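Observations on the three-dimensional arrangement
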Amino acid sequence: PHLRLPHIYIEGRSRHGHGFYEMLAMKKREFAELPLQFLAQYDPLFSRRFMVHLPASAVTEFSQLVNPERAAIVAHHFHMFDYEFLGDMLYVYVLSPHPTLSQLELMLQAGVWLAGELEKASC
């Protein structure tokens, strides 16, 4: 079974400047921020730490892929990274010109864990 993820971008709040959002709006016109009411059943720490950008067609899939339990783990343990789902790919971003070895190890751990969870959710 080949994984087909909708295009979703989960980013840390206040991690990017105004220019980033202008570029995102120009390149991904169908993207909108997931309204907070969609995260009502989620750990409040997730919505305090992250914003979710996605096309309206992916809203239902988001809650299946990143359910409240997965979101809580991301918010509590892997909040220093941004995440992007696209097709069969998961990208994990760290905003640092010189990431430390421990940041890279945690980034790898976050990616391996989340990739496994996305595969489970897609079955």
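See the structure shown above.
Counting restarts for each chain: residues are numbered from 1 in the order of the written sequence. Owing to the predicted nature of the model, reporting of local features is limited to residues with pLDDT of at least 70; listing and counting of side-chain atom pairs is limited to 80 or more, with chain, interface and lining totals taken over all residues. Working from all heavy atoms in the structure, the side-chain values ignore hydrogens and water.

**Section: the pairing of strand 4 (residues 82–87)**
Buried residues dominate strand 4, accounting for 5 of its 6 residues. Bridge count between strand 1 (residues 5–12) and strand 4: 4 bridges; the pairing is antiparallel. Opposite Ile 8, over in strand 4, you have Phe 85 as the bridge partner. Pairing geometry for strand 4 and strand 5 (residues 89–93), over 5 bridges, is antiparallel. Bridging from a neighbouring strand, Phe 85 pairs with Leu 90 of strand 5. DSSP-based pairing: two strands are paired if at least 2 bridges between them are found. Think of it this way: any DSSP run of H or I at least four residues long counts as a helix, any run of E at least two long counts as a strand, and we number them from the N terminus. The antiparallel hairpin formed by strand 4 and strand 5 contains 1 residue in its connecting segment. Whether a residue is buried, partly exposed or exposed follows from its accessible area with a 1.4 Å probe, protein chains only, as a fraction of its type maximum: under 20%, in between, or over 50%, in that order.

**Some points on the sheet that holds strand 1**
An order of 2-3-1-4-5 is seen for the 5 strands of this open sheet, with the pairing classed as antiparallel. In this open sheet, the two edge strands, each paired with only one partner strand, are strand 2 (31–33) and strand 5. Shown here is a sheet whose adjacent strand axes are inclined to one another by a mean of 20 degrees, direction ignored. In the sheet, strand 1 pairs with strand 3 (residues 50–55) via 4 bridges, with the strands oriented antiparallel. Residue pairing for strand 3: Ile 10 is matched across the bridge by Val 52. Two residues qualify as a contact provided that any one of their heavy atoms is within 4.5 Å of a heavy atom in the partner residue. Note on definitions: angles span 0 to 180 degrees between N-to-C directions of axes, and those axes are lines fitted to C-alpha atoms, for helices only across the stretch in contact. Packed on one face of the sheet, helix 5 (residues 101–122) meets strand 1, strand 4 and strand 5 and runs near 150 degrees to strand 5.

**A short note on the nonpolar core**
We define the nonpolar core as a collection of buried residues of types Ala, Val, Leu, Ile, Met, Phe, Trp, Tyr and Cys that are connected through side-chain atoms lying within 4.5 Å of one another. The biggest cluster of nonpolar side chains holds 30 residues, and the ones touching the most others in it are Ile 8, Ile 10, Phe 46, Phe 62, Tyr 83 and Phe 85. When contributions to this core are tallied by element, the ones reaching two or more residues are strand 1, helix 2 (44–49), strand 3, helix 3 (59–65), helix 4 (68–77), strand 4 and helix 5. Beyond its immediate stretch of four places on either side in the chain, Phe 62 contacts Ile 8, Ile 10, Leu 34, Leu 39, Tyr 42, Phe 46, Val 52, Leu 54 and Asn 67.

**A look at the packing of helix 4 against helix 5**
Across the interface, helix 4 lies against helix 5 with an axial gap of 11 Å and an inter-helix angle of 175 degrees. Judged by the angle between their axes, helix 4 and helix 5 are roughly antiparallel. Taken together, the residues of helix 5 that come into contact with helix 4 (itself represented by Arg 70, Ile 73, Val 74 and His 77) are Leu 106, Trp 113, Glu 117, Lys 120 and Ala 121. Three residue categories are used. Nonpolar comprises Ala, Val, Leu, Ile, Met, Phe, Trp, Tyr, Cys and Pro, charged comprises Asp, Glu, Lys and Arg, and polar comprises the others, including Gly. Within the contact of helix 4 with helix 5, the residues separate by chemical class into 5 nonpolar, 1 polar and 3 charged. Orientation labels follow simple angle bins: below 35 degrees gives roughly parallel, above 145 gives roughly antiparallel, 65 to 115 gives roughly perpendicular, and whatever is left gives oblique.

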